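Survey of secondary and tertiary structure
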Amino acid sequence: MIKAAVLGSPISHSLSPLLHRTAYEHMGLSASYEAIEVKADTLSRFMSERDETWTGFSLTMPLKEEVIAYAVHVDDLAKRINSANTLYRKAGEWHATSTDVIGFTNALKMHNVYVKGHVVILGAGATARAAAAACDNSNTQITVINRSLARVQAMSDAVIESELSFRNWDDLSVLGDADLVISTAPAGVTDSIDLPAKTSAPYFESLYKPWPTPASSLWASRGGSVIDGLDLLIHQALAQIAIFSGATFDSALMYKKLREVGLAALK
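From a predicted model like this one, the values you see are computed outputs, not experimental measurements.

Structural notes on the pattern of salt bridges
- Under the definition given, this model contains 9 salt bridges.
- Here K64 ties to D100 by a salt bridge, and the two come within 2.8 Å at their closest N and O atoms. In this pair, K64 is assigned in the loop between β3 (56–59) and α3 (66–70) and D100 in helix α5 (residues 100–110), connecting sequence segments 36 residues apart.
- Judged by its relative accessible area of 6%, D100 is buried.

Here's the deal with the sheet that holds strand β8 (residues 140–146)
- Sheet architecture is open: 6 strands sit in the order β9-β8-β7-β10-β11-β12, paired in parallel fashion. Of all strands in the sheet, those bounded by a partner on one side alone are β9 (163–168) and β12 (226–227).
- Pairing analysis gives 6 bridges linking β8 to β9, with the strands arranged parallel. Residue V144 lies in a different strand from β9, and its bridge partner there is F166.
- Sitting on the sheet, helix α6 (residues 126–135) is in contact with β7 (117–122), β8 and β10 (180–183), with an inclination near 170° to β7.

Here we look at the pairing of strand β2 (residues 31–37)
- In this sheet, β2 lies alongside strand β1 (residues 2–8) in parallel orientation, the contact comprising 7 bridges. Looking at the pairing, I2 lines up with A31 of β2.

Some words on helix α8 (residues 214–221)
- All buried positions along α8 are accounted for by A215, S216 and W219. Angularly, the buried residues of α8 cover 95° about the axis, an arc narrow enough to put them on a single face.
- Among the structural elements, β10, β11 (203–205) and β12 are those in contact with the buried residues of α8.
- Positive backbone phi, at 110°, marks G223, one or two positions downstream of α8.

Things to note about the sheet that holds strand β5 (residues 86–90)
- Within the open sheet, the 6 strands sit side by side as β2-β1-β3-β5-β6-β4. Their pairing is mixed. Each edge of the sheet is formed by a strand with only one pairing partner; in this case those strands are β2 and β4 (73–74).
- In the sheet, β1 pairs with β3 via 4 bridges, with the strands oriented parallel. The residue of β3 that forms the bridge with A4 is G56.
- Of the strands in this sheet, β1, β2 and β3 are in contact with helix α1 (residues 16–27), which crosses β2 at around 175°.
- Contacting β1, β2, β3, β5 and β6 (93–97), helix α9 (residues 229–245) crosses the sheet at an angle of about 15° to β5.

Describing the packing of aromatic side chains
- Applying the stated rule across the entire model yields 5 aromatic pairs.
- Ring centres 5.3 Å apart and planes at 35° place the aromatic pair Y203 and W219 in the tilted group. In this pair, Y203 is assigned in strand β11 and W219 in helix α8, connecting sequence segments 16 residues apart.
- The buried category is assigned to Y203, whose relative accessible area is 0%.
- Members of the aromatic cluster, each reached through a chain of ring pairs, are F46, W54, F57 and W94.
- Geometry around W169 places R147 over its ring, the cationic atom sitting 5.5 Å from the centre.

Overview of the pairing of β1
- When you tally the buried positions in β1, you get 6 out of 7 residues, the bulk of the element.
- One crossover worth recording links β1 to the parallel β2 by way of α1, and it is right-handed.

Points about the side chain of T55
- Within the element layout of this structure, T55 appears in the loop between α2 (43–48) and β3.
- Among residues more than four places away in sequence, those in contact with T55 are M1, I2, K3, Y88, R89, W94 and F244.

Remarks on unusual backbone geometry
- With an omega of -5°, the peptide bond running from S9 to P10 counts as cis.
- Looking at the element boundaries, P10 is found in the loop between β1 and α1.
- Note that the residue after W211, namely P212, is joined by a cis bond; omega there is -5°.
- For P212, the location among the structural elements is in the loop between β11 and α8.

So, how was this worked out
- As a convention, each chain's residues are numbered from 1 in the sequence order in which they are written.
- Residues qualify for local features only when their pLDDT is at least 70, as the model is predicted, and side-chain atom pairs are given and counted only at 80 or more; totals for whole chains, interfaces and linings, by contrast, use all residues.
- As a convention, hydrogens and water are excluded, and side-chain values are obtained from all of the structure's heavy atoms.
- Any carboxyl oxygen of Asp or Glu within 4 Å of a side-chain nitrogen of Lys or Arg constitutes a salt bridge here.
- Here a helix means four or more residues in a row that DSSP labels H or I, a strand means two or more in a row labelled E, and each is numbered from the N terminus.
- The buried label goes to any residue with under 20% of its type's maximum accessible area, the exposed label to any with over 50%, and the partly exposed label to all in between, with areas taken from a 1.4 Å probe on protein chains only.
- Think of it this way: DSSP has to see at least two bridges between two strands before they count as a pair.
- Two residues qualify as a contact provided that any one of their heavy atoms is within 4.5 Å of a heavy atom in the partner residue.
- With axes taken as lines fitted to C-alpha atoms, and helix axes fitted only over the stretch in contact, angles between N-to-C directions fall between 0 and 180 degrees.
- Working note: the arc is built from the helix axis to C-beta atom directions.
- Working definition: a ring pair exists when centres of Phe, Tyr or Trp rings (six-membered ring for Trp) sit within 6.5 Å. Plane angles under 30 degrees give stacked, over 60 give edge-to-face, the rest tilted.
- The rule for a charge over a ring is simple: NZ of Lys or CZ of Arg within 6 Å of the ring centre, and within 35 degrees of the ring normal.
- By convention, orient the strands away from the viewer: a clockwise path from the first strand over the helix to the second makes the crossover right-handed.

Keep in mind these numbers describe shape, not what the thing actually does.
In structure tokens, the structure reads:
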């Protein structure tokens, strides 16, 4: 039996239980999956109270960085971006990985967005680093709009091939020549940002609630396409579901089913 949960704080709003339960039911698997409030700096204590019946955990903020120090095994990708959203038991030991990167990659592919040219990322936290890693290739120039120099080194570590630069939050002129914009900023932060008068670039918003965001609506009204955060949530969840279940499934069909229940829940 699969026994899993999503951990973080706040966590009551999470759609992950709905998505995971729907997937396991569709696959005919016996499984439980819940949302558990776990605050910063308490992950180790929480894990010490779990028994061996647990399969794994999905991790959201503020635990994506904290889990790196906890897990016995951390894969190279999670180390590179200093973030893991998936903790799973293998041979009696805890392994940490990130499915956020493949979540961004597969969501962009589904919307026929080829990552090239100038990519602008709003924010520089754990999700931003996953976005940067997903867009990192020799054909991209990545500009990060951030508010703190404290995040510069970690973001730099996440990027290997792309040309990387940083701008202050009050310098958004680069949005005008972006080929792709990815926002990983918290709710409300982008509500009043200065967007280009006209654009054809895609705007990938990592938020799914509230939806639509003012920035995504304005971007669409000015000519750009929009990818919502529900897509990111579903695509990273599909990778987690494969890890927790150890089973293969039709990812396109599963995406369609999870998208349907996710949209219904957000109405």
